[in-house]
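Next come the chains, spelled out residue by residue.
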Amino acid sequence: MRTRAVALAALALSLAAAPHARASITVGTTPEEIAGLARVAEKRLDEWRFAEGRAGVADLVRLAPKAPETLYLEGYERFLEGDYGGAVQKLDATLGAGARDTLAANARELRTLASEARDAVKDHKEERFGHFLIRYPAVDGVLVPYAREALEAAYRALHEDL
């Protein structure tokens, strides 16, 4: 047990020390270790540190692709990317894989939100540009060029400030 604790501590330190680098996973895949990796990946996604969060999810997919935590985070990642149908599928798989307690409650709640979002935008048009994806009803298409200009200007201003 002490060896696992030391390995998890080393992993946590490597993640903290190199936040932009992908962690090199050398520990086993016990449920506790998977849960620890999942917490780190979810925290990164919650913080909108998407590259790091995606790397953490990719590690989980490689180590434990059928684990409820992995399936949940794949669903969460898809939700954040606007792939609501894909999110619903992964969250259904999470619940089917035996997610329990808080994970199951989170999966059910996010599944409901993803399902409602999917249904809300199903007839919308979609346009990707620069850093953004806009979904809009066809009647609002005339506003898209203005939205594009405003969003990109805001992105540039925030990027310069930060």
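Remember, it's a predicted structure, so these values are computed and weren't measured experimentally.

Draft legend 1. The arrangement of the overall build of the protein chain in detail. The secondary structure content of the protein chain amounts to 7 helices and 2 strands. Listed N to C, the secondary structure of the protein chain is α-α-α-α-α-α-β-β-α in terms of helices and strands. In the protein chain, which comprises 162 residues, the share counted as buried stands at 34%. When contacts within the protein chain are restricted to residue pairs at least 6 apart in sequence, long-range pairs at least 24 apart make up 46% of them. About 10100 Å² of surface is accessible on the protein chain, with carbon and sulfur atoms providing 56% of the total.

Draft legend 2. A look at the nonpolar core. Leu-60, Tyr-72, Leu-73, Phe-79, Leu-91 and Leu-110 are the most contacted members of the largest nonpolar core, which has 24 residues in total. Among the elements of the structure, helix H2 (31–46), helix H3 (50–63), helix H4 (68–80), helix H5 (84–96) and helix H6 (101–120) are those that each provide at least two residues to this core. No other element matches H6, which puts 6 residues into this core. Setting aside its immediate chain neighbours within four residues, Phe-79 contacts Tyr-84, Ala-87, Leu-110, Leu-113 and Ala-114.

Draft legend 3. Representation of the packing of H4 against H5 in the model. As a packed pair, H4 and H5 sit with axes 8 Å apart at the nearest point and diverge in direction by 165 degrees. Judged by the inter-axis angle, H4 sits roughly antiparallel to H5. As for the relative orientation of H4 and H5, their crossing is left-handed in sense. For the pair H4 and H5, contact is made by Pro-68, Leu-71, Tyr-72, Glu-74, Gly-75, Arg-78 and Phe-79 and by Tyr-84, Gly-86, Ala-87, Lys-90, Leu-91, Ala-93 and Thr-94, respectively.

Draft legend 4. Structural view of the pairing of strand E1 (residues 125–129). The pairing of E1 with strand E2 (residues 132–136) spans 5 bridges and is antiparallel. Paired with Glu-127 across the strands is Ile-134, a residue of E2. Here E1 hands over to E2 after 2 residues, with Gly-130 in that stretch at a positive phi of 45 degrees.

Draft legend 5. Representation of a nonpolar patch on the surface. A surface patch of nonpolar side chains, about 350 Å² in accessible area, is lined by Val-142, Leu-143 and Tyr-146. With respect to the helices and strands, the residue Leu-143 is situated in the loop between E2 and helix H7 (144–161).

Draft legend 6. Structural view of the pattern of salt bridges. A complete count under the given rule lists 14 salt bridges for this structure. What emerges from the salt-bridge pattern is a single network uniting Lys-43, Arg-44, Glu-47, Arg-49 and Glu-52.

Draft legend 7. Looking closely at the packing of aromatic side chains. This structure, assessed with the given rule, holds 5 aromatic pairs. One cation-aromatic arrangement involves Arg-148 over Phe-129; the distance from NZ or CZ to the ring centre is 5.2 Å.

Draft legend 8. Main features of H5. With 13 residues, H5 should reach 18 Å at 1.5 Å per residue; the first-to-last C-alpha distance of 18 Å fits that figure. Packing partners of the buried residues in H5 comprise H4, H6 and E2. Residue Gly-98 follows H5 closely and has a positive phi angle near 95 degrees.

Procedures and definitions
Going along each chain's sequence as written, the residues are numbered from 1 onward. Whole-chain, interface and lining totals are the exception, using all residues; otherwise, since this is a predicted model, local features are given only for residues with pLDDT of at least 70 and side-chain atom pairs are given and counted only at 80 or more. The side-chain values count all of the structure's non-hydrogen atoms but skip hydrogen atoms and water molecules. Each helix is a run of H or I in the DSSP string that is no shorter than four residues. Each strand is a run of E no shorter than two, and both are numbered from the N terminus. Each residue's exposure class comes from its accessible area (1.4 Å probe, protein chains only) as a fraction of the maximum for that residue type: buried when under 20%, exposed when over 50%, partly exposed otherwise. Contacts are residue-level and defined by heavy atoms, with any inter-residue pair within 4.5 Å sufficient. Here the open area of atoms and residues is found with the Shrake-Rupley method and a 1.4 Å probe, where only the protein chains shown may cover a residue. We define the nonpolar core as a collection of buried residues of types Ala, Val, Leu, Ile, Met, Phe, Trp, Tyr and Cys that are connected through side-chain atoms lying within 4.5 Å of one another. Where helices are involved, their axes are fitted lines through C-alpha atoms of the stretch in contact, as for all axes, and angles between N-to-C directions lie from 0 to 180°. Every angle not falling under 35 degrees, over 145, or within 65 to 115 is termed oblique; those three ranges are roughly parallel, roughly antiparallel and roughly perpendicular. Each crossing is labelled by how the near helix is turned from the far one, with a counterclockwise turn of less than a right angle marking it left-handed and a clockwise turn marking it right-handed. When DSSP finds two or more bridges between a pair of strands, those strands are recorded as paired. Patches draw on residues past 30% relative accessible area with no salt bridge. Two like charges within 9 Å are joined, as are two nonpolar side chains (Val, Leu, Ile, Met, Phe, Trp, Tyr) within 5 Å. One speaks of a salt bridge when a side-chain nitrogen belonging to Lys or Arg is within 4 Å of a carboxyl oxygen belonging to Asp or Glu. Centre distance within 6.5 Å is the pairing criterion for rings of Phe, Tyr and Trp, where only the six-membered ring of Trp is used; planes under 30 degrees apart are then read as stacked, over 60 as edge-to-face, and the remainder as tilted. In this scheme, the term charge over a ring applies when either NZ of a lysine or CZ of an arginine sits within 6 Å of the ring centre and within 35 degrees of the ring normal. What a helix is expected to span follows from its residue count: subtract one and scale by 1.5 Å.

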